[in-house]
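# Coordinate analysis (summary)
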Amino acid sequence: RPELQFAEDSGKRTLWVVFVIMVIASAAFAAMSWRVPVAKRLYHVITTLIVIFASISYFAMATGHGVSVHTTVIRSQHEHVPDTYHEIQRQVYWARYVDWALTTPLLLLDLSLLAGLNGAHITMAIVADVIMILTGLFAAFGTEGTPQKWGWYTIACVAYLVVVWHLAVNGRAQAQAKSQNVGKFFVAIAGFTLLVWTAYPIVWGIADGSRKISVDSEIIAYAVLDLLAKPVFGIWLLVTHAKIPETNIDL
Ligand code: RET
């Protein structure tokens, strides 16, 4: 008999709550964008789009879209005993990966503009990030017991290290070259970003990866991380950059 891992009441309720918070954040960030001069507005536009995409993805998940059931077979081998097979059927919310494929590049663009990274570095960081999310999606639907699942996961982690390197090394150097104020703010908000982002592959490893925690626990863990990575990050960025003249953009 397969073991079924499906969302229940607390998971479904959490998806609706996050949807409502993302909609409120979208309206608030859009309203804030009208109150800043044009040279400051790009950060507001990007950050508003991030929470709009998240609202759409949470609406999909809360109404039961963007989710498929994926089967994993775990084989145990013991000496002198016939092999035993344990089958797990689990819901995989692929809508998250669609959301992340659009929003994590935009989050990186926010940080890149703040630091004043050049086009070559922005492009490399964003491409590495998209590779990370798409290979993470392949990992989520990979087959256990072959190199597929954890092979994709490893490739995604390498891509993540490329992203981290761009922020921690190039981003920090560029931000500090702009001014002391920008340097300090960048170190704080990019440091916060790295901490929050690093929790995603950990949650993935115990949820979609090894299927140890329930789908409800997974929904709640990602909900907390998504709120930190999008609305909390967004408020902090928009309120702070508006007060720093050196972060103006003349495009
Ligand atoms: C996956 C699994 C494969 C390995 C790695 C991952 C990293 C995901 C990250 C996601 C960040 C999401 C954010 C969402 C915003 O709300 C795909 C989980 C490294 C870093 C910031």
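Above: the structure in question.
What comes next is a walk through the structure. Quick caveat: nothing in here was measured; it's all calculated off a predicted structure.

### A word on the overall build of the protein
The secondary structure content of the protein amounts to 7 helices and 3 strands. Secondary structure elements of the protein, listed N to C terminal, follow the sequence β-α-α-β-β-α-α-α-α-α. The C-alpha radius of gyration computed for the protein amounts to 20 Å, which stays within 12% of the reference 18 Å derived for 251 residues, consistent with globular compactness. Taken along its principal axes, the extent of the C-alpha atoms in the protein is 70 × 35 × 25 Å.

### Here we look at the site of the ligand
Among the 15 residues in the neighbourhood of the ligand, the closest are listed as Ala156, Trp197, Tyr200, Asp226 and Lys230. Between the ligand and the protein, one listed contact pairs an oxygen atom with a side-chain N or O atom of Asp226 at 3.3 Å. Note that an oxygen atom of the ligand is positioned 2.8 Å from one of the side-chain N or O atoms of Lys230. In isolation the ligand has 540 Å² of accessible area, and contact with the protein removes 100% of it.

### Description of the packing of aromatic side chains
Using the criterion set out here, one finds 13 aromatic pairs in the structure. Here the aromatic cluster, defined as three or more aromatic residues joined through ring pairs, consists of Tyr97, Trp100, Tyr200 and Tyr222.

### Brief notes about the pairing of strand E3 (residues 81-93)
Both strand E1 (residues 3-5) and E3 contribute to a ladder of 3 bridges, which runs parallel. Bridge pairing in E3 places Glu3 opposite Ile88. Pairing of strand E2 (residues 67-78) with E3 involves 11 bridges; the strand directions are antiparallel. Each bridged residue has a counterpart across the sheet, and for Thr71 the counterpart in E3 is Gln89.

### Remarks on the nonpolar core
Residues Phe186, Trp197 and Leu237 are the most contacted members of the largest nonpolar core, which totals 59 residues. Only helix H1 (9-33), helix H2 (38-62), E3, helix H3 (95-115), helix H4 (119-140), helix H5 (147-178), helix H6 (180-209) and helix H7 (215-241) provide two or more residues apiece to this core. With 11 residues, the top contributor of residues to this core is H6. Leu237 has contacts with Tyr43, Thr47, Asp110, Leu114, Phe185 and Ile189, leaving out every residue within four places of it along the chain.

### Describing the sheet that holds E3
Pairing between the strands of a sheet comes from backbone hydrogen bonds, and it takes one of two forms, parallel or antiparallel. On the basis of which strands lie adjacent, the open sheet formed by 3 strands has the order E1-E3-E2 and mixed pairing. The open sheet has two edge strands, E1 and E2, and neither has a second partner. Direction aside, the axes of adjacent strands within the sheet are offset by 20° on average.

### A short note on the environment of Pro147
Within the secondary structure, Pro147 sits in helix H5. A relative accessible area of 70% places Pro147 in the exposed class. Placed 25 residues apart in sequence, Pro147 and Ile122 show a C-alpha to C-alpha distance of 32 Å.

### Details of unusual backbone geometry
In this structure, His80 takes a positive phi of about 65° despite not being glycine. Structurally, His80 is set in the loop between E2 and E3. The phi dihedral of Arg211 is positive, around 60°, even though this residue is not glycine. Looking at the element boundaries, Arg211 is found in the loop between H6 and H7.

### Some remarks on H4
The terminal C-alpha atoms of H4, which comprises 22 residues, lie 32 Å apart, in line with the 32 Å expected from a rise of 1.5 Å per residue. Looking only at H4, the buried set comprises Ile122, Ala125, Ala128, Asp129, Met132, Ile133, Thr135, Gly136, Ala139 and Ala140. Those residues of H4 that are buried lie in contact with E2, E3, H3, H5 and H6. Taking the backbone nitrogen of Ala120 as reference, a side-chain oxygen 3.1 Å away marks Asn118 as the first, capping residue of H4.

### Regarding the packing of H3 against H6
Contact pair H3 / H6: the axes reach a minimum separation of 10 Å and the direction vectors enclose 160°. Taken together, H3 and H6 sit at an angle that is classed as roughly antiparallel. As H3 runs across H6, the sense of the crossing is left-handed. Contacts from Tyr97, Trp100, Thr104, Leu107, Leu108, Leu111, Leu114 and Ala115 in H3 reach Val182, Phe185, Phe186, Ile189, Ala190, Thr193, Trp197, Tyr200, Trp204 and Asp208 in H6. Grouping the constituent residues of the contact of H3 with H6 by class yields 15 nonpolar, 2 polar and 1 charged.

The rules behind the values
- Residues numbered from 1 in each chain as written.
- Predicted model: local features only at pLDDT ≥ 70, side-chain atom pairs only at ≥ 80, totals over all residues.
- Heavy atoms only, no water.
- Helix = DSSP H or I, 4+ residues; strand = E, 2+ residues; numbered from the N terminus.
- Rg over C-alpha atoms; globule rule 2.2 N^0.38 Å.
- Near = heavy atom within 4 Å.
- Polar contact = N/O pair within 3.5 Å; in protein donor to acceptor, adjacent residues only side chain to side chain.
- Areas by Shrake-Rupley, 256 points an atom, 1.4 Å probe, with all protein chains shown as cover.
- Phe/Tyr/Trp six-rings, centres within 6.5 Å; stacked < 30°, edge-to-face > 60°.
- Pairing = 2+ DSSP bridges.
- Core = buried A, V, L, I, M, F, W, Y, C linked by side-chain atoms within 4.5 Å.
- Buried < 20%, exposed > 50% of the residue type's maximum accessible area, 1.4 Å probe, protein only.
- Contact = heavy atoms within 4.5 Å.
- Axes fitted to C-alpha atoms, helices over the stretch in contact; angles between N-to-C directions.
- Expected span 1.5 Å × (residues − 1).
- Parallel < 35°, antiparallel > 145°, perpendicular 65-115°, else oblique.
- Left-handed = near helix turned anticlockwise from the far one by under 90°.
- Nonpolar A, V, L, I, M, F, W, Y, C, P; charged D, E, K, R; others polar.

Function cannot be read off these values alone, since they describe shape.
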